[in-house]
Amino acid sequence: MEKPLKIFFQKFLQKDTVFLSKSVLNIGFTPSNILHRDKQVQEIAHILVPALKMEKPSNLFVYGKSGTGKTVTVQKVLTDLVEVAKEQSVPLRFLYVNCKLGRADTEYRLIAYFCRELGLEVPGTGLPTDEVYNMFYKVVEEKKQMLILVLDEIDQLVFKMGDDVLYTLTRVNSFLKNSTISIIGISNHVRLLDEIDSRIKSSLGEENIVFSPYDANQIKDILLDRAKLAFKPSAIENGVIEKCAAIAGREHGDARRAIDLLRISGELADREGVERLTLKHLDAAQEKLEKDRVLDLVSSQPKQHQCVLYSLILLDEKIRDYEKDGLNTGQVYDNYVSLCRNINLRPLTQRRISDILSEFDNLGLIKSFVRSKGRFGRSREIRLAFDNSLVIKTQAILKDSLEA
Ligand SMILES: Nc1ncnc2c1ncn2[C@@H]1O[C@H](COP(=O)(O)OP(=O)(O)OP(=O)(O)O)[C@@H](O)[C@H]1O
Ligand SMILES: [Mg+2]
């Protein structure tokens, strides 16, 4: 190895760090305390507890915005429940799948995954789907048991394969004699239930639990609890946790984002080789995170959405410096239609474009506000919500993607 590189690696190992255990701030870490979710923990526990007496729990639909603790809370209650079941020799288990992952890309893969988790090998492809279901019923029925299937990010499942699989799964008990299956669906798409078949809606949503966004104080408690494990004592300047919580509280009350922000701040402090994480590191981390978030979002939008955003950016650029009024939907729509013509894309209706603009508003890409025009009534106006420094980069991403 080249000498300078070796010295760099060795120095890295000797270098001081503000962290005690950085992994505590990673996605996979499960905290032992779940704060400010007592009500939801109780509700979920009440819904599931009949399982301990071998009575089938109701199906449950859990929803709330990103980072509101849905996954961590459901997993914690289930883990505790299964522990008690074990002590009491109650044959209860749960299978968890995050539907965003590849193992839930198709109905076949999903059911095959459940079979495998239950100890039955199923070939990766090749069998008719009905056959895989039969294998699943068989392995579930081998012994009397209560099974709880947790479909996390269930909106992704519906997006990828429609709602047929949910229809089948919510009716699966009619094929079983010994065992029963309950389903917990977790979604951050609040209106998912309205979009699926009403028969599935009523059986999946037998019980509903909402996770509302955390406020800044709640996030502060979550961060303090986590920081105690993650950072060396007094490695964090006073005020950093509070500010970090205030930022996340303002932006949809997302605990994951708050934890990420703290981790990146610590990494920036380490990179500078200083002993303390300060407000300056937090500000830099926020800028970095916001930049990554916007650019990721923009690149992952479908083409029509990108086209709407591009039209909006081109118009916004013109009015940015000298007009305080925003744009109205009609202006954006006209520009969008002419852009579609240039790139041979079939324009959607103005109604659809309004919906897409509302989605952008929810994602924080644009801000829309209602302005009173005196006797002319009121009008909805739109402005780009992200920083000027990101506009050029965004524009380049969109241009590349739309011209491809
Ligand atoms: N009440 C809480 N107490 C302690 N940690 C929490 C709490 N709520 C959330 N967290 C932490 O915040 C992060 C996000 O939580 P979680 O993954 O459960 O959110 P989610 O609602 O499932 O989000 P998404 O919809 O994006 O999947 C995790 O690291 C989790 O450990
Ligand atoms: Mg989750």
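Residues numbered from 1 in each chain as written. Chains lettered and ligands numbered in written order. Predicted model: local features only at pLDDT ≥ 70, side-chain atom pairs only at ≥ 80, totals over all residues. Heavy atoms only, no water.

S.K.: Outline the site of ligand 1, listing residues and values.
M.R.: Of all residues adjacent to ligand 1, which total 21 residues, the nearest are Leu35, Ser66, Lys70, Thr71 and Tyr214. Contacts to ligand 1 include Gly69, whose backbone N or O atom sits 3.1 Å from an oxygen atom. Within the backbone of Val72, a nitrogen or oxygen atom sits 2.9 Å from an oxygen atom of ligand 1. For ligand 1, the protein covers 93% of the area, taking 620 Å² as the surface of the free molecule. Those elements that provide at least two residues to the shell around ligand 1 are helix H3 (70-87), helix H10 (216-230) and helix H12 (255-272). Of the residues contributing to the shell around ligand 1, the split by class is eight nonpolar, seven polar and six charged. In this structure, the shell around ligand 1 is formed jointly by two domains, domain 1 (16-26 + 215-298) and domain 2 (38-211), each of which donates at least three residues. (Near = heavy atom within 4 Å. Polar contact = N/O pair within 3.5 Å; in protein donor to acceptor, adjacent residues only side chain to side chain. Areas by Shrake-Rupley, 256 points an atom, 1.4 Å probe, with all protein chains shown as cover. Helix = DSSP H or I, 4+ residues; strand = E, 2+ residues; numbered from the N terminus. Nonpolar A, V, L, I, M, F, W, Y, C, P; charged D, E, K, R; others polar. Domains from an automatic or database assignment.)

S.K.: Provide a residue-level description of the pattern of salt bridges, including the pertinent values.
M.R.: Per the stated rule, a full pass over the model turns up 21 salt bridges. With a closest N to O distance of 3.7 Å, Asp225 and Lys228 form a salt bridge. Here Lys228 and Asp225 lie together in helix H10, a separation of three residues that amounts to about one turn. Lys228 sits in the exposed class, given a relative accessible area of 61%. When the shortest N-O distance is used, the salt bridge between Arg383 and Asp316 registers 3.3 Å. You can see Arg383 sitting in strand S7 (residues 378-384) and its partner Asp316 sitting in helix H14 (residues 303-319), a full 67 residues away along the chain. Relative accessible area serves as the criterion here: at 16%, Arg383 is assigned to the buried category. (Salt bridge = Lys/Arg side-chain N within 4 Å of Asp/Glu carboxyl O. Buried < 20%, exposed > 50% of the residue type's maximum accessible area, 1.4 Å probe, protein only.)

S.K.: Got a sec to walk through the sheet that holds strand S5 (residues 207-211)? Specific residues and values, please.
M.R.: The five strands lie next to each other as S2-S3-S4-S1-S5, forming an open sheet whose pairing is parallel. Here the strands that pair on one side only, and so sit at the sheet edges, are strand S2 (92-98) and S5. Put simply, the sheet's adjacent strands are angled 15° from each other on average, direction ignored. One ladder, built from four bridges, connects strand S1 (residues 60-64) with strand S4 (residues 180-187); its direction is parallel. Note that in S4 the partner of Val62 across the bridge is Ile186. (Pairing = 2+ DSSP bridges. Axes fitted to C-alpha atoms, helices over the stretch in contact; angles between N-to-C directions.)

S.K.: Let's hear about H10: which residues, and what values?
M.R.: Compared with an ideal rise of 1.5 Å per residue, which puts 15 residues at 21 Å, H10 spans 20 Å between its outermost C-alpha atoms and is within 8% of the ideal. Of the positions making up H10, those classed as buried are Ile219, Ile222, Leu223, Asp225, Arg226, Ala227 and Ala230. Where the residues of H10 are buried, they touch helix H11 (240-250) and H12. Two or three places before Asn217, at the start of H10, stands the capping residue Asp215, its side-chain oxygen 3.1 Å from that residue's backbone nitrogen. (Expected span 1.5 Å × (residues − 1). Contact = heavy atoms within 4.5 Å.)

S.K.: Describe unusual backbone geometry, listing the residues and the values that go with them.
M.R.: Positive phi, normally seen in glycine, also occurs at Glu153, with a value near 55°. Along the chain, Glu153 turns up in the loop between strand S3 (146-152) and helix H6 (154-161). Residue Glu153 is classed as buried on the basis of its relative accessible area, which comes to 19%. One non-glycine residue, Ser234, adopts positive backbone phi at about 55°.

S.K.: Kindly report on the domain arrangement of the chain, identifying the contributing residues and their values.
M.R.: When the domains of the chain are assigned, the result is domain 1 (16-26 + 215-298), domain 2 (38-211) and domain 3 (301-403). For domain 1 and domain 2, the distance between their C-alpha centres works out to 34 Å. Each partner contributes residues to the interface: domain 1 has five residues there, and domain 2 has four residues. It is His252, Asp254 and Arg256 that lose the most area in domain 1 upon contact with domain 2, and together they represent 77% of the buried surface on that side. Broken down by class, the residue content of the side of domain 1 that touches domain 2 amounts to one nonpolar, two polar and two charged. (Buried area = accessible area lost by both parts, 1.4 Å probe.)

S.K.: Any chance you could break down the packing of aromatic side chains for me, citing the residues and the numbers?
M.R.: Overall, the coordinates contain eight aromatic pairs when judged by the stated rule. Seen from their ring centres, Phe114 and Phe136 are 6.0 Å apart, and the 35° between their planes marks the pair as tilted. In this pair, Phe114 sits in helix H4 (residues 107-117) while Phe136 sits in helix H5 (residues 129-141), placing the two residues 22 residues apart along the sequence. The pair Phe114 / Phe136 is uniform in exposure class, with both members buried. (Phe/Tyr/Trp six-rings, centres within 6.5 Å; stacked < 30°, edge-to-face > 60°.)

S.K.: Hey, could you go over the packing of H4 against H5 for me, with residue numbers and the actual values?
M.R.: It is at 9 Å that the axes of H4 and H5 come closest, and there the two elements cross at 20°. With respect to their mutual orientation, H4 and H5 come out roughly parallel. Seen along the crossing, H4 lies across H5 with a hand that is left-handed. Where H4 abuts H5, its residues Glu107, Tyr108, Ile111, Ala112, Phe114 and Cys115 lie against Thr129, Val132, Tyr133, Met135 and Phe136. The residue makeup of the contact of H4 with H5, split by class, is nine nonpolar, one polar and one charged. (Parallel < 35°, antiparallel > 145°, perpendicular 65-115°, else oblique. Left-handed = near helix turned anticlockwise from the far one by under 90°.)

S.K.: Account for the environment of Cys244, naming residues and giving values.
M.R.: Tracing the backbone shows Cys244 in helix H11. Its relative accessible area of 0% is what places Cys244 among the buried residues. Each C-alpha atom, one on Cys244 and one on His189, is 26 Å from the other, the two residues being 55 residues apart in sequence. Once residues within four sequence positions are removed from consideration, Cys244 is found in contact with Leu223, Ala258, Leu261, Leu262 and Leu282.

S.K.: Describe in detail H5, supporting the description with residues and values.
M.R.: The terminal C-alpha atoms of H5, which comprises 13 residues, lie 18 Å apart, in line with the 18 Å expected from a rise of 1.5 Å per residue. Inspection of H5 places Val132, Tyr133, Met135, Phe136, Tyr137, Val139, Val140 and Glu141 among the buried residues, and these make up the whole buried set.

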